[in-house]
Amino acid sequence: MQNVSNDLYNYGAAITPSNTVNETTAFDAIHCGVAGTIVVVLADSATVTLVGCLAGHQYRVRGIRVNATGTTADSLVGLRYV
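Quick caveat, the model's predicted, so the values are computed rather than measured. (Residues numbered from 1 in each chain as written. Predicted model: local features only at pLDDT ≥ 70, side-chain atom pairs only at ≥ 80, totals over all residues. Heavy atoms only, no water.)

## Here we look at the pairing of strand β3 (residues 36–42)
Move 1: Burial of β3 is extensive: 7 of the 7 residues sit out of reach of the surface.
Move 2: Pairing between β3 and strand β4 (residues 47–53): 5 bridges, direction antiparallel. Looking across to β4, one finds that Gly-36 is bridged to Cys-53.
Move 3: The antiparallel hairpin formed by β3 and β4 contains 4 residues in its connecting segment, where Ser-45 sits at a positive phi of about 80 degrees.
Move 4: When β3 meets strand β5 (residues 57–66), the two strands line up antiparallel, connected through 3 bridges. (Buried < 20%, exposed > 50% of the residue type's maximum accessible area, 1.4 Å probe, protein only. Helix = DSSP H or I, 4+ residues; strand = E, 2+ residues; numbered from the N terminus. Pairing = 2+ DSSP bridges.)

## Re the packing of aromatic side chains
Move 1: Evaluated as defined, the whole model comprises 1 aromatic pair.
Move 2: In this structure, Arg-80 is placed above the aromatic ring of Tyr-11, and the distance from its NZ or CZ to the ring centre is 4.1 Å. (Phe/Tyr/Trp six-rings, centres within 6.5 Å; stacked < 30°, edge-to-face > 60°. Lys NZ or Arg CZ within 6 Å of the ring centre and 35° of its normal.)

## A few points about the pattern of salt bridges
Move 1: Inspection of every chain in the model, using the stated rule, returns 1 salt bridge.
Move 2: Of the charged contacts in the structure, one is a salt bridge between Asp-28 and Arg-62, with a shortest N-O distance of 2.7 Å. With a gap of 34 residues between them, Asp-28 in strand β2 (residues 27–34) and Arg-62 in strand β5 connect regions that are remote in the sequence.
Move 3: On the accessibility criterion, Arg-62 (35% relative accessible area) is partly exposed. (Salt bridge = Lys/Arg side-chain N within 4 Å of Asp/Glu carboxyl O.)

## A word on the sheet that holds β2
Move 1: Judged by pairing direction, the sheet is antiparallel, and its 6 strands sit side by side in the order β1-β6-β2-β5-β3-β4 without closing on themselves. In the strand order of this sheet, the two ends are held by β1 (11–14) and β4, each with one partner. Strand-to-strand twist of the sheet, defined as the mean angle between neighbouring strand axes without regard to direction, takes the value 35 degrees.
Move 2: Of the strand pairs in this sheet, β1 and strand β6 (residues 74–80) are connected by 4 bridges, and their pairing is antiparallel. Its bridge partner lying in β6, Ala-13 is registered against Gly-78. (Axes fitted to C-alpha atoms, helices over the stretch in contact; angles between N-to-C directions.)

## With respect to the nonpolar core
Move 1: In terms of nonpolar packing, the biggest core is built from 12 residues, these being Ile-15, Phe-27, Ile-30, Cys-32, Ile-38, Val-40, Leu-42, Cys-53, Val-61, Val-66, Ala-73 and Leu-76.
Move 2: Leaving out residues up to four positions away in the same chain, Val-40 has contacts with Phe-27, Ile-30, Ala-46, Thr-47, Val-48, Leu-50, Val-61, Gly-63 and Arg-65. (Core = buried A, V, L, I, M, F, W, Y, C linked by side-chain atoms within 4.5 Å. Contact = heavy atoms within 4.5 Å.)

Have a look at this one:
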């Protein structure tokens, strides 16, 4: 997997938060459309809470799921390198 800071994301898909269903493919970043908190399950299954996420920003985090419980941000898009 390529993950160089100046690389561009070339794939994106809407994320539907779920407490049990993982994304089909892990994402390398999340675009936050509506500000709030994002609870992310990382590729290693650890869970992290990103508090104070701003609308219009991308957060570089390799994740497999966004949990519904605790997530208040909306219009989330998973971005990845292909």
